[in-house]
Amino acid sequence: MTAPVLGIEDLSVSYTTPHGPLQAVSGVDLSVGPGEIVGIIGESGCGKSTLVAAIMGMLPGSARIGSGAIRFGGRDLVGLPREEMRKLRGGGLALVSQNPMTAFNPVHTIGRQLTDFQHREGVSNAVKRARITDMFDQVGITDPSRRLHAYPHEFSGGMLQRMAIAAALLTRPQLIIADEPTTALDVTLEAQIIALLRRTRDEQGCSILFVSHHLGAVAQLCDRVLVMYAGVVVEAAPVAELFRHPAHPYTQRLLACDPALDAGGDQPLPTIAGQVPNLVNPPEGCRFAPRCLCATGRCVRERPQPVELAPAHAAACHLVAP
Amino acid sequence: MPRFSAPLRFLQRIAADPAGLFGLVVAVLFTIVALLSNEISPYDPAHIAVIHRLEGPSRAHLLGTDQLGRDTLSRILVGSRTALGVSVVSILLAATIGAPLGLLAGYGPRWFGTVLLLLLDIVNSLPMIMFALALLVLVGPGFWTVVGVIAFFSVPGYARLIRAQTLSLGQSGFILAARAMGAGLGRILFVHLLPNAMGALLVVVTMDIPSVIGLEAGLSFLGIGIQPPTPSWGSILNDGFSFIRNTPDLVIFAGLPLVATTIGFTFLGERLRQILQPKAAP
Amino acid sequence: MIAAEHLGVRVRPGLSAAALLRGHLPKPLDILIDVSLAIAPGETLALVGESGSGKTTLGRTLNGLVRPVTGVVRFEGEVLGPRASDRQLRPLRHRVAMIFQDAVGSLDPRLRVRDLVTEPLRIQRIRPEPDAAEKLLAQVGLPEALAERYPHELSGGQARRVTVARNLAVPPRLIICDEPTAGLDVSVQAEIVNLLVELQRRLAIAYLVITHDLAVARRMSRRIAVMYLGSIVETGPTAEVFAQPRHPYSRALFLAEPSRDPAQRHPPPLDGEVPSLQQRPSGCVFQTRCPHVQDLCRQAAPEEREIAPGHLLRCHFPLGEDPA
């Protein structure tokens, strides 16, 4: 078994608030193999944004990493000196964010910015520009030489998102973290971006961590999926397994309430009653227990550990059996 | 635990910051002193006793006397009343005229905004002192002359501020929603736009109080404003400069409250800006 | 009950010094071209399309927020054209409500929920009863305690419900829902969809649901209209249109939606992007991306034709029976 590109072990992150520490991420394990596309799905407050920030070393000042390790490139990113972390960003680790408009500086041309992104490559500017036009071709941007002299505001969201992916690829990353990259895009564009990301993985062999709340996008793109709730990973499985045979009650409810489910047009959609628990004082036992229809006494008292149901399919629930 | 009312909580927030607390204390003290000045002054500020002219501080006269033997402390205390009166009245007047103009300029018909800006530019380019002198000749000196001059020249600033706020707020979702519900122009201006623009106005008004006090002092210094025997900090400073070779006391004692209120209101304004601006952004 | 006939909406972009110096007068942009639709009482029409389709503008023209340059809106016998005055538009604004994409942004940050939900009453000079706010909140499933909160203290789902409650204060004939589920978590989306459907059942309100989320459109509507670059390209019964889209764009749009079944993976059905409004092609608007484009499409814009009862299409070469 080859070593994972990214390995997260028992990571916990909390934010300091006036009411006490807010446990945003608790005991998360995650691994991404070489050339693998792993998806993370979850709703607001599940901790996926905090997780992304922790990996990139971009947590706000009020955040504290309580425990755990983030292994990348043979090193533990937790506690890495800032200078080292900075070198990794754009040197092995790349981020594509939700809003393509904010990925670029509005006062410089695209060409200038993408050339700058390659500052670590010790090659001439001409070579860098050639690589940019090459990359534009690969990501499906037409007329690349003209685009180099244009400014970000001259492009649409879809075009900019493609350029952001091109920018990420120019640094030849081992891992691309895509944080809601298609949320702001139209459906036809989303389809193109998903195809692009898949092609990138196929041709370049990089790994992708794809964080999204679009269940469809995750189903189409990812090899494996993790489901997060209230800072905890509740289920992890290969993508087909997860969508066909979800084991954890939260995953089951989440998939059931998606309006895209076209069963029974006249019945009201199932919903999940209640609210995400207060993470300053999280429940002692299973975090989903207060909203779970099958919760037992044990669920309320004892925090469930992941149970392996099948190879690579685990769910953190007392009620599932292997 | 008793639930504090919103205004009280607001004051608590201001006081939470040391500078804000200082400003609040200064503002409150200033108002109390001004309102009670007649009661707390040891002497009648107009009482002339030339035999005691230009005395230094003593037990009888804590801050000494001026060139006519009037008690400086009393004059400064009663002068604060003038300062408060002039600043409050002229700012209120300017805001009451400027805010609706700004609202309409920002949200109403475009021609109105253009015309108004033109008029405001003209006002801004008038030299204040000339205008004040002209008014002096026409109506004579006094409280209302000073107020008139100050208010007139403050209107453009407030109108522009409200106009800028209104321009950006006017594009907000909740204004569009109000229009969709059929709200008329009056409702949109006064129920929705004005309360949301008030935050910025409040900050500016607070910071303007010391400027206005200074302006009044300046105008009185030039003889345009408050006439003797009514004391004003400006006129005390005026007198003080004439006699500065005899004693610097008058200048110092009239200058100190001016400096203190300026610093105090400026701190208060800054604290208000901190509290109001981040939340008020649409 | 309400109908739009041949609406055209145009904006004139502002003058810029740079453009003027180069001798360009800014060209007016056509946001909507010859758009017609009708909504019967109590029915739900979904309006789907991507950026630049003009669906939001169409919604806003229907309730008078945007004035057309050509065409009319017919509402309950009144004909409202480009020159309609504010007074003429008033009944429209009082009986056609709107919920906006940014729920929190459409609530005045200085007002409490209590005043926000009862505002339509005050606008129409009806004095609200003392518990009017509580009753409205109950109708949308929110606890009474929320009446004292401010917009920034509400969650996305709660804010959305408050905007719905507000529109029920004076019962409307039609609610225009502009992206009612945008930005909400999946489970919250389900709650909002359920709420809207239930309210319709109880109060017989018609809806115009403007959305880019095809699942929501499919679930909520009986009829659907697909828009592209300012024109409606296909209108018809929802089930029929989804099962067999007759316009190439509709088909591509439905195909593009990422399926939740991981086994169904297929290449993206459309290349390129929606052209910008400034570059609207003459002839059929979809010609630059249509896989079946022919010369006629470039020369002439297709008229709207009824190809089946209640099913309208704007295409020279409609798709036939299609086993996809």
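Right above here is the structure, for reference.
For clarity, every value in this text was computed on a predicted model and none was experimentally measured.

Moving on, we come to the sheet that holds strand β8 (residues 206-211) of chain C. Within a beta sheet, neighbouring strands are joined by backbone hydrogen bonds and run either parallel or antiparallel to one another. Residues and elements named next belong to chain C. Here eight strands make up an open sheet; going across it, the order is β6-β7-β8-β3-β9-β10-β12-β11 and the pairing mixed. At either margin of the open sheet sits one strand with a lone partner, and together these are β6 (96-99) and β11 (305-308). Taken over all neighbouring pairs, the strand axes of this sheet differ in orientation by 20 degrees on average, direction set aside. As defined by bridge partners, strand β10 (residues 231-237) adjoins strand β12 (residues 311-313) across two bridges and the pair is classed as antiparallel. Residue pairing in the sheet places E234 in a bridge with L313 of β12. Lying over the sheet, helix α7 (residues 156-168) contacts β6 and β7 (174-178), oriented at roughly 170 degrees with respect to β6.

Another aspect to go through is the interface of chain A and chain C. Taken residue by residue, the interface counts 47 residues in chain A and 35 residues in chain C. Where chain A abuts chain C, roughly 3300 Å² becomes buried across the two surfaces, and 50% of that area is made up of carbon and sulfur atoms. Three residues stand out in chain A for area buried against chain C, namely V187, T188 and Q220 of chain A, and they jointly supply 19% of the buried area on that side. For the interface between chain A and chain C, the tally reads zero salt bridges. Our count for the chain A to chain C interface comes out at seven residue pairs in polar contact (both at pLDDT 80 or more). Counting residues per element, the ones that place at least two in the side of chain A that touches chain C are α6 (157-170), α7 (187-204), α8 (215-221), α9 (239-244) and α10 (249-257) of chain A. Sort the elements by how many residues they give to the side of chain A that touches chain C and α7 of chain A lands first, with nine residues. Among the residues forming the side of chain A that touches chain C, the class breakdown is 25 nonpolar, 13 polar and nine charged.

How big an interface is tends to be stated in terms of accessible area lost as the parts join. In this assembly, 17 residues from chain B lie in contact with 21 residues from chain C. Sorting the residues of chain B by area buried against chain C places A180, M181 and R187 of chain B first, and these three jointly supply 34% of that buried surface. Linking chain B with chain C are one salt bridge. Linking chain B to chain C there are six residue pairs in polar contact (both at pLDDT 80 or more). Among the secondary structure elements, those contributing two or more residues to the side of chain B that touches chain C are α7 (173-180), α8 (185-221) and α10 (249-280) of chain B. Sorting elements by how many residues they give to the side of chain B that touches chain C places α7 of chain B first, with seven residues.

About the cut-offs
- Residues numbered from 1 in each chain as written.
- Chains lettered and ligands numbered in written order.
- Predicted model: local features only at pLDDT ≥ 70, side-chain atom pairs only at ≥ 80, totals over all residues.
- Heavy atoms only, no water.
- Pairing = 2+ DSSP bridges.
- Helix = DSSP H or I, 4+ residues; strand = E, 2+ residues; numbered from the N terminus.
- Axes fitted to C-alpha atoms, helices over the stretch in contact; angles between N-to-C directions.
- Contact = heavy atoms within 4.5 Å.
- Buried area = accessible area lost by both parts, 1.4 Å probe.
- Salt bridge = Lys/Arg side-chain N within 4 Å of Asp/Glu carboxyl O.
- Polar contact = N/O pair within 3.5 Å; in protein donor to acceptor, adjacent residues only side chain to side chain.
- Nonpolar A, V, L, I, M, F, W, Y, C, P; charged D, E, K, R; others polar.

The quantities given are spatial measurements derived from coordinates; they are silent on function.
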